[in-house]
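Okay, here's what each chain looks like letter by letter:
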Amino acid sequence: MADTASGAAYDAIIVGAGFSGLYMLHRLRAQGLTARIYEAASGVGGTWYWNRYPGARVDIESLEYSYSFSPELDAEWKWSERYATQPELMAYLNHVADRFDLRRDIQLDTRVTSARFDERSNRWTVATDRGEAVTARYCIMATGCLSVANEVAFPGADRFQGETYRTSRWPHEGVDFTGKRVAVIGTGSSAIQSIPLIAEQAAQVTVFQRTPNFSVPAHNGPIPEAVLEDWKRNRAKYRQEARDAGFAIRMVDGQETLAFDATAEQRQAEYERRWGIGGFALMGAYGDLIVDRAANETASEFVREKIRSIVKDPATAEKLSPRSFPMGTKRLCIDTGYYATFNRDNVSLVDLRAEPLEAIEPTGVRTADHLYEADAIVYAIGFDAMTGALGRIDIRGRGGVTLKDAWAEGPRTYLGLMIAGFPNLFIVTGPGSPSVLCNMAVAIEQHVDFISDCIAWMGERQAGTIEATPAAQDAWVAHVNEVADTTLYPQANSWYMGANVPGKPRVFMPYIGGFPAYRDRCAEVAANGYEGCEIRSAASVS
Ligand code: NAP
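(A) Representation of helix 13 (residues 440–460). The first and last C-alpha atoms of helix 13 sit 30 Å apart over 21 residues, in line with the 30 Å expected at 1.5 Å per residue. Looking at where helix 13 begins, the residue whose side-chain oxygen comes 3.0 Å from the main-chain nitrogen of Ala441 is Asn439. Following helix 13 by one or two positions, Gln462 has its phi on the positive side, about 50°.

Put into structure tokens, the structure is as follows:
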């Protein structure tokens, strides 16, 4: 790991050493620039460093959820399962850090506290919680979309006498729940992945559900040799097919046919076929599932029927059946045995809509109706998504304007990559980009390539600063909203909308126009000399 470097001057500072930061560092160094990563964790890996709960694994097949920038890396790494576990993903990202000799420019255990733009020098001053301050021409926020956990704000939570865990900050040494009564609060992806495994170990598991989610089986398992061989032969083609797919996931195999162009029997057969494939394939069945409520309802009801067929107790099955939002408008959960877990004698479900959670008591969780005693509580209550990590850093652009003020009404960006008034600052997978609505690995590579190319272009012209114009940013924000409004997405109280954090402005944050359309727009912007950006000369640079 790199030593501290207070006072040093870099071409670029990168915040975060996850999928984004690692590739960003690799690209910038290859361009001959000096760059340094600051990372708050004690290791590389970003989201995969922190989310170590039982059952944590990727929800996109690993053959696609991995870097494609290096054919050599791609060829030499062998994934063992369709959906890699958190430890395997960590092994992969550590391998990447070693293979590309990235560690010498990564400083771990260091949280960036502020980033301020100085208009006289046209440089960013980046300060850390270790009392260092360095300067850089460019500042790149590779801080992740799901890196700041939601606050545990239940009354009495600090008085609980048992053990308390957060899925997003799981102890590295693991947890042994043998013989324990465990309360799990939340039923998002993190809970849905961890509950089946906790239930295998614990004496009793009580799941506290506020909103049921749609979950589809992963059908995880070893990747057959024939599939690996096929990928080896067709790697470049398949990677390109992923980039050309709406969600940047090739295996979704998205169709344009409309749901009601098929008969009820045909739809049923198609949903069955895709349920059998597992994962996000179900969402690709028809082209109108995310835009037409009635079409969506056919797929939603298919999943509810599956829940009824798996869960033996009809009352529990009904509680688990989502009815308050269209399928897919909250990220689909991908599970291994989630619904069947509720057939176990040691698992019970509490519907918080029927009996709201009132407080955490020293001995357990109290709802309006009962006190559920517990030895351990697992909070799986989600993240301050997409803007949370940026909000924690005191970011100031031209005129000392804070990002907090600039985004008081919700995030505003140009292409999810740049912010008007914040020169030479880039965000990877920021609000206004497809990011979380698609394969993050593909989205990240495209962003990093755009940013690196832009920085190279600036260097060739010896230009000083680049920033989005307010007009281009306004137009992009309007476009993001316009596209979102043609879909069912805004109908869900999702973290995409900021609806899961009390007081957060409700804005649909990711771009739903599809990855290929977004990528093409970015390419067009670059080809037109970074259209929509103001480029100032370096004349004033000291
Ligand atoms: P999440 O989807 O936001 O789920 C949080 C859960 O906690 C929800 O069920 C929510 O209920 C509940 N909750 C929050 N505040 C609550 C409160 N005050 N009282 C009662 N319940 C409360 O968070 P997550 O499960 O960590 O997943 C977040 C995202 O991370 C996913 O959508 C996905 O993109 C990613 N992820 C992916 C994987 C994977 O499979 N690779 C695994 C984990 C996470 P409401 O729905 O009612 O708000």
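(B) Examining the packing of helix 1 (residues 19–30) against helix 13 more closely. It is at 9 Å that the axes of helix 1 and helix 13 come closest, and there the two elements cross at 35°. Taken as a pair, helix 1 and helix 13 cross one another with a handedness that is right-handed. Packed against helix 1, whose contacting residues are Phe19, Ser20, Tyr23, Met24, Arg27 and Leu28, the element helix 13 presents Ala441, Ile444, Glu445, Val448, Asp449, Ile451, Ser452, Asp453 and Ile455 at the interface.

(C) Structural detail: the domain arrangement of the chain. On domain assignment, one finds that the chain holds domain 1 (9–44 + 102–148 + 385–537) and domain 2 (157–379). For domain 1 and domain 2, the distance between their C-alpha centroids amounts to 30 Å. The partner domain 2 presents 21 residues to the 20 residues of domain 1 that form the contact. When domain 1 packs against domain 2, close to 1,700 Å² is buried across both sides, 56% of that on carbon and sulfur atoms. Three residues stand out in domain 1 for area buried against domain 2, namely Leu488, Tyr489 and Gln491, and they jointly supply 31% of the buried area on that side. The tally of links between domain 1 and domain 2 comes to 1 salt bridge. If you look at where domain 1 meets domain 2, you find 9 residue pairs in polar contact (both at pLDDT 80 or more). Looking at the side of domain 1 that touches domain 2, the element that brings in the most residues is helix 15 (residues 515–527), giving 3 residues. Here the residues of the side of domain 1 that touches domain 2 sort into 11 nonpolar, 8 polar and 1 charged.

(D) Molecular detail of the sheet that holds strand 8 (residues 181–185). Taken in spatial order, the 5 strands make up an open sheet running 7-16-8-9-12, and their pairing is parallel. Single-partner strands in this sheet number two, and they are strand 7 (163–166) and strand 12 (347–351). Here the strands of the sheet are splayed against their neighbours by 20° on average, with no regard to which way each runs. With 4 bridges joining them, strand 8 and strand 16 (residues 376–379) adopt parallel strand pairing. If you follow Ala183 over to strand 16, its bridge partner there is Ile377. Sheet contacts for helix 5 (residues 189–201): strand 8, strand 9 (204–209), strand 12 and strand 16; angle to strand 8, the most-contacted strand, approximately 170°.

(E) Local environment of empty space enclosed by the protein. All told, the structure shown has 4 cavities of 30 Å³ or more when counted by the stated rule. Put simply, the largest cavity is a space of about 150 Å³. Of the residues contributing to the lining of the largest cavity, the split by class is 12 nonpolar, 2 polar and 1 charged. Two domains share the lining of the largest cavity, each providing at least three of its residues, namely domain 1 (9–44 + 102–148 + 385–537) and domain 2 (157–379). Computed from the structure, the second largest cavity encloses a volume of approximately 80 Å³. If you go around the second largest cavity, the residues you meet are Pro411, Arg412, Thr413, Pro431, Gly432, Trp476, Val477, Val480, Asn481, Val507, Phe508 and Met509.

(F) The arrangement of the packing of aromatic side chains in detail. In total, this model carries 36 aromatic pairs according to the counting rule given. When the ring of Phe19 is compared with that of Tyr67, the centres are 4.9 Å apart and the planes differ by 50°; the resulting orientation is tilted. Of the two residues, Phe19 is situated in helix 1 and Tyr67 in the loop between helix 2 (47–50) and helix 3 (71–76); the sequence distance between them amounts to 48 residues. Like Phe19, the residue Tyr67 is buried in the burial classification. An angle of 65° between the planes, with centres 5.7 Å apart, marks the rings of Trp77 and Trp79 as edge-to-face. Exposure class is identical for Trp77 and Trp79. Each is buried. Through successive ring pairs, a cluster of aromatic residues spans Phe19, Tyr23, Trp48, Tyr65, Tyr67, Phe69, Trp77, Trp79, Tyr92 and Phe100. For Arg250, the ring lying beneath its charged end belongs to Tyr238, and the centroid distance is 3.5 Å.

(G) Representation of the site of the ligand. The ligand sits among 23 residues. The nearest are Thr187, Ser190, Arg210, Thr211 and Arg331. Measuring from an oxygen atom of the ligand, one finds a side-chain N or O atom of Gln193 at 2.9 Å. Here Lys330 contributes a side-chain N or O atom positioned 3.0 Å from an oxygen atom of the ligand. Coverage of the ligand by the protein chains reaches 87% of its 900 Å² of free accessible surface. Residue composition of the shell around the ligand, by class: 9 nonpolar, 8 polar and 6 charged.

(H) View of the environment of Pro71. Within the element layout of this structure, Pro71 appears in helix 3. The class of Pro71 is exposed, set by a relative accessible area of 52%. Taking the C-alpha atoms as reference points, Pro71 and Arg235, 164 residues apart in sequence, are found 8.5 Å from one another.

(I) Structural context of the layout of surface pockets. Looking at the second largest pocket, its volume works out to about 560 Å³. For the second largest pocket, the lining is made up of 28 residues, of which Ala245, Gly246, Phe247, Gly254 and Gln255 are closest to its centre. Split into classes, the residues belonging to the lining of the second largest pocket amount to 16 nonpolar, 8 polar and 4 charged. Two domains share the lining of the second largest pocket, each providing at least three of its residues, namely domain 1 (9–44 + 102–148 + 385–537) and domain 2 (157–379).

(J) Region of the structure containing the side chain of Glu467. Mapped onto the elements of the fold, Glu467 is located in strand 19 (residues 463–468). Glu467 sits in the buried class, given a relative accessible area of 5%. At a separation of 2.6 Å, a polar atom in the side chain of Glu467 contacts the side chain of Arg398. Sequence-distant contacts of Glu467, that is, excluding residues within four places in its chain, are made with Arg398, Gly421, Phe422, Pro423, Gly532, Cys533, Glu534 and Arg536.

(K) Local environment of the sheet that holds strand 14 (residues 364–367). The 3 strands lie next to each other as 13-14-15, forming an open sheet whose pairing is antiparallel. Here the strands that pair on one side only, and so sit at the sheet edges, are strand 13 (357–361) and strand 15 (371–373). The sheet shows a mean angle of 20° between the axes of neighbouring strands, taken without regard to direction. Pairing geometry for strand 13 and strand 14, over 4 bridges, is antiparallel. Each bridged residue has a counterpart across the sheet, and for Leu357 the counterpart in strand 14 is Thr367.

What counts, and at which threshold
Residues numbered from 1 in each chain as written. Predicted model: local features only at pLDDT ≥ 70, side-chain atom pairs only at ≥ 80, totals over all residues. Heavy atoms only, no water. Helix = DSSP H or I, 4+ residues; strand = E, 2+ residues; numbered from the N terminus. Expected span 1.5 Å × (residues − 1). Polar contact = N/O pair within 3.5 Å; in protein donor to acceptor, adjacent residues only side chain to side chain. Axes fitted to C-alpha atoms, helices over the stretch in contact; angles between N-to-C directions. Left-handed = near helix turned anticlockwise from the far one by under 90°. Contact = heavy atoms within 4.5 Å. Domains from an automatic or database assignment. Buried area = accessible area lost by both parts, 1.4 Å probe. Salt bridge = Lys/Arg side-chain N within 4 Å of Asp/Glu carboxyl O. Nonpolar A, V, L, I, M, F, W, Y, C, P; charged D, E, K, R; others polar. Pairing = 2+ DSSP bridges. 1 Å grid on protein atoms, 1.4 Å probe; cavity = no way out; pocket = protein on both sides within 12 Å on 5 of 7 lines; lining within 4 Å. Points joined across faces, edges and corners; volume = space filled by probe spheres on them. Phe/Tyr/Trp six-rings, centres within 6.5 Å; stacked < 30°, edge-to-face > 60°. Buried < 20%, exposed > 50% of the residue type's maximum accessible area, 1.4 Å probe, protein only. Lys NZ or Arg CZ within 6 Å of the ring centre and 35° of its normal. Near = heavy atom within 4 Å. Areas by Shrake-Rupley, 256 points an atom, 1.4 Å probe, with all protein chains shown as cover.

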